[in-house]
Amino acid sequence: MRAGYGAVITVLIFSAYEAYRIQDSVSRQHLEIYRHFVEQDEALATLRKNLWLAGNYVRDFFINTTPAQTLLFRRQLEELKRENDDALRVLEKAPHHQRVVPQLRESLAQFWKVVDPLPVTMMHSSNQEEMDFLDREIVPRRGELYNALRALTLADEQKLEDSEGEFADARKRAGRGLLAMLALGVLLSFLVARLSLRHAGTLERKAELHYAEVEHARHELKQLSARLLEIEEEGRRRLSRELHDEIGQALALLQIEISHAAAMNCGSPGALWARLDRARDLAERTVQTVRNMSGMLRPALLDDLGLVPALQFQLEDFIRRSGIACNFVEQGVAEDLPDAVKTCVYRVVQEALHNAEKHSAATLVKVSVRQFPDRLAAEIEDNGCGFPMDSQGRPSRSTGRPTGLGLLGIRERAGIAGGSLTIDSAPGRGTRITLLIPVPPAKPVADIVREVTV
């Protein structure tokens, strides 16, 4: 758009400059044509006038042939010669006079050659001789010169017409060029306007799409927040119920059994040992319940042994609960991963297994965890029924599944840890969840691949 607007402005500026240049050139050319014509016409008028004056001066000399008139006649002829030379120099500037002016100069020289010696040759001539001289020498020569000057005048007029025609053609060509530039400017303006409207429409659609995505994300975050509060409250309720129903009752029974055992110190030893055995069983069940609750909140294996043992334990528990076969592949996973990375991978696998057990109707789940120099990749794939995805890579709302908040939760968890999570699924071809999460460079470890198939 910047280039388009720049091109339009450049064309308009160049068109304005070209219009000014054409107008200035036309004005100067027009002025030059008429200036040359006026100069040539004034030179020809001077020559015609001087020929007429020369004839008059000769006539005046014949009328009054005195010494004073002779001096005046010579001064008048010198002045006419000087003016004629100036006029001839002006005529020589015109290219179309280059061949005519020398002939005209030769004819004038012959005319002055006849007129100059008159004060000597015709000083004492009779009136008849003077009239014969005028009729024989002056009048014919002056007529020939008038005809030559008339021919030059007609040639100048024709040259003026030709120049005006060339001038008109030049104006037409310049006008067509200017119109072409203006048409180009209009075309560029149209193209830029069209591209601008298209770009504005694209930006508007993108803005609307972005706004819809933001609204959708805000709605999902609102749902997620509500769901998190619900889960937190449900977890508290379950923990409270477990403490009350399991641990509280078990401890109460343990207290009763111990009291009965204490009261039977004088009774049968067999009954006493039976009471103590029941008390031991209650204590063991209570310890197991506490361990289960602790594992549900956060598995101790994740902190004590690392990510891989915790995932193996999680898969074994998943197999016991669901009966679904699992393949587990681990490659080069370090034991000293950051806590945020371990927790993120564990929870993502936990949610994926939960969805496979609850929704997919799968018969096989593959879990792989691989560590690279700069990242850790985890992939969970099942052969279940799958589900449709929308254009943003989220479960389609037409799936009939509740909300997909579990997937949204692990996506948010991956984003918080600095990683990315992609979900690939379609009806009838299962689901693949891939997690990529950056890890700091670790010390080189042996590239050992362990695979567990159950």
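Heads up: the structure comes first, above all this text.
Residues numbered from 1 in each chain as written. Predicted model: local features only at pLDDT ≥ 70, side-chain atom pairs only at ≥ 80, totals over all residues. Heavy atoms only, no water.

## Considerations on the nonpolar core
- By size, the foremost hydrophobic cluster in this structure holds 38 residues, and its most contacted members are Leu 307, Val 345 and Val 365.
- Among the elements of the structure, α8 (307-322), β1 (325-331), α9 (339-360), β2 (364-371), β3 (375-382), α10 (405-416), β4 (420-425) and β5 (431-438) are those that each provide at least two residues to this core.
- Per element, the largest residue contribution to this core is nine residues, and it comes from α9.
- Sequence-distant contacts of Val 365, defined by excluding residues within four places in its chain, comprise Phe 318, Ile 324, Ala 325, Cys 326, Asn 327, Leu 353, Ala 356, Ile 380, Glu 381 and Asp 382.
- Counting 31 residues, the second largest nonpolar core, distinct from the first, contains Leu 44, Leu 80, Met 122 and Leu 152. (Core = buried A, V, L, I, M, F, W, Y, C linked by side-chain atoms within 4.5 Å. Buried < 20%, exposed > 50% of the residue type's maximum accessible area, 1.4 Å probe, protein only. Helix = DSSP H or I, 4+ residues; strand = E, 2+ residues; numbered from the N terminus. Contact = heavy atoms within 4.5 Å.)

## Some words on the pairing of β5
- By the bridge criterion, eight bridges tie β3 to β5 in an arrangement that is antiparallel. Directly across from Ala 377, in β5, lies its bridge partner Leu 436.
- Linking β4 back to β5 in an antiparallel pair, the connection comprises five residues, with Gly 428 at a positive phi of about 90 degrees. (Pairing = 2+ DSSP bridges.)

## Points about the environment of Pro 338
- By the element assignment, Pro 338 lies in the loop between β1 and α9.
- A sequence separation of 102 residues divides Pro 338 from Pro 440, and the C-alpha atoms of the two residues are 8.6 Å apart.

## Here's the deal with the packing of helix α2 (residues 67-92) against helix α3 (residues 100-115)
- It is the contact of α2 with α3, at a shortest axis distance of 11 Å, that shows an interaxial angle of 175 degrees. In this view, α2 runs roughly antiparallel relative to α3, as classed from their interaxial angle. Judged by residue contacts, Phe 73, Leu 77, Leu 80, Lys 81, Asn 84, Asp 85, Leu 88, Arg 89, Leu 91 and Glu 92 of α2 engage Val 101, Leu 104, Arg 105, Leu 108, Trp 112 and Val 115 from α3.
- Partitioned by chemical class, the residues of the contact of α2 with α3 number 10 nonpolar, one polar and five charged. (Axes fitted to C-alpha atoms, helices over the stretch in contact; angles between N-to-C directions. Parallel < 35°, antiparallel > 145°, perpendicular 65-115°, else oblique. Nonpolar A, V, L, I, M, F, W, Y, C, P; charged D, E, K, R; others polar.)

## Here we look at the packing of aromatic side chains
- Inspection of every chain in the model, using the stated rule, returns one aromatic pair.
- Measuring from ring centre to ring centre gives 5.3 Å for Phe 111 and Trp 112, while their planes differ by 70 degrees; the resulting arrangement is edge-to-face.
- The lysine or arginine in question, Arg 375, covers the ring of Phe 372, its NZ or CZ lying 4.6 Å from the ring centre. (Phe/Tyr/Trp six-rings, centres within 6.5 Å; stacked < 30°, edge-to-face > 60°. Lys NZ or Arg CZ within 6 Å of the ring centre and 35° of its normal.)

## Observations regarding a nonpolar patch on the surface
- Taken together, Met 1, Tyr 5, Ile 9 and Ile 13 make up a surface patch of nonpolar side chains, about 420 Å² in accessible area.
- Take Met 1: it is sitting in the segment before α1 (2-63). (Patch = residues over 30% accessible without salt bridge, like charges linked within 9 Å, V, L, I, M, F, W, Y side chains within 5 Å. Areas by Shrake-Rupley, 256 points an atom, 1.4 Å probe, with all protein chains shown as cover. Salt bridge = Lys/Arg side-chain N within 4 Å of Asp/Glu carboxyl O.)

## Concerning the pattern of salt bridges
- If you walk through the whole model with that rule in mind, you get 13 salt bridges.
- Salt-bridge contacts for Asp 116 lead to Lys 81; the nearest nitrogen and oxygen are separated by 2.5 Å. Placement of the pair is Asp 116 in the loop between α3 and α4 (118-121) and Lys 81 in helix α2, with a sequence separation of 35 residues.
- Among the residues examined, Asp 116 registers a relative accessible area of 26% and is labelled partly exposed.

## Quick look at the side chain of Gln 69
- The topology assignment puts Gln 69 in helix α2.
- The class of Gln 69 is buried, set by a relative accessible area of 13%.

## Some details on the environment of Asp 382
- Mapped onto the fold, Asp 382 is located in strand β3.
- The exposure class assigned to Asp 382 is buried, which follows from its relative accessible area of 11%.
- Spatially, the C-alpha atom of Asp 382 lies 6.3 Å from that of Lys 366, the residues being 16 residues apart in sequence.
- Contacts of Asp 382, omitting those with residues within four sequence positions, involve Ala 356, Ser 360, Ala 362, Leu 364, Val 365, Gly 430 and Thr 431.
- From its side chain, Asp 382 meets the backbone nitrogen of Gly 384 in a polar contact 2.9 Å long. (Polar contact = N/O pair within 3.5 Å; in protein donor to acceptor, adjacent residues only side chain to side chain.)

## Looking at the side chain of Gln 371
- Here Gln 371 shows up in strand β2.
- Judged by relative accessible area, Gln 371 falls into the buried class, the value being 14%.

## Structural notes on α3
- Between its first and last C-alpha atoms α3 spans 23 Å; for 16 residues at 1.5 Å apiece the expected length is 22 Å, and the two agree.
- Buried within α3 are the following residues: Val 101, Leu 104, Leu 108, Phe 111, Trp 112, Val 114 and Val 115. One side of α3 carries all its buried residues, which in axial view fall inside an arc of 155 degrees. Exposed residues pointing more than 90 degrees away from the buried face of α3 are listed as Gln 103 and Lys 113. (Expected span 1.5 Å × (residues − 1). Arc of directions from axis to C-beta.)

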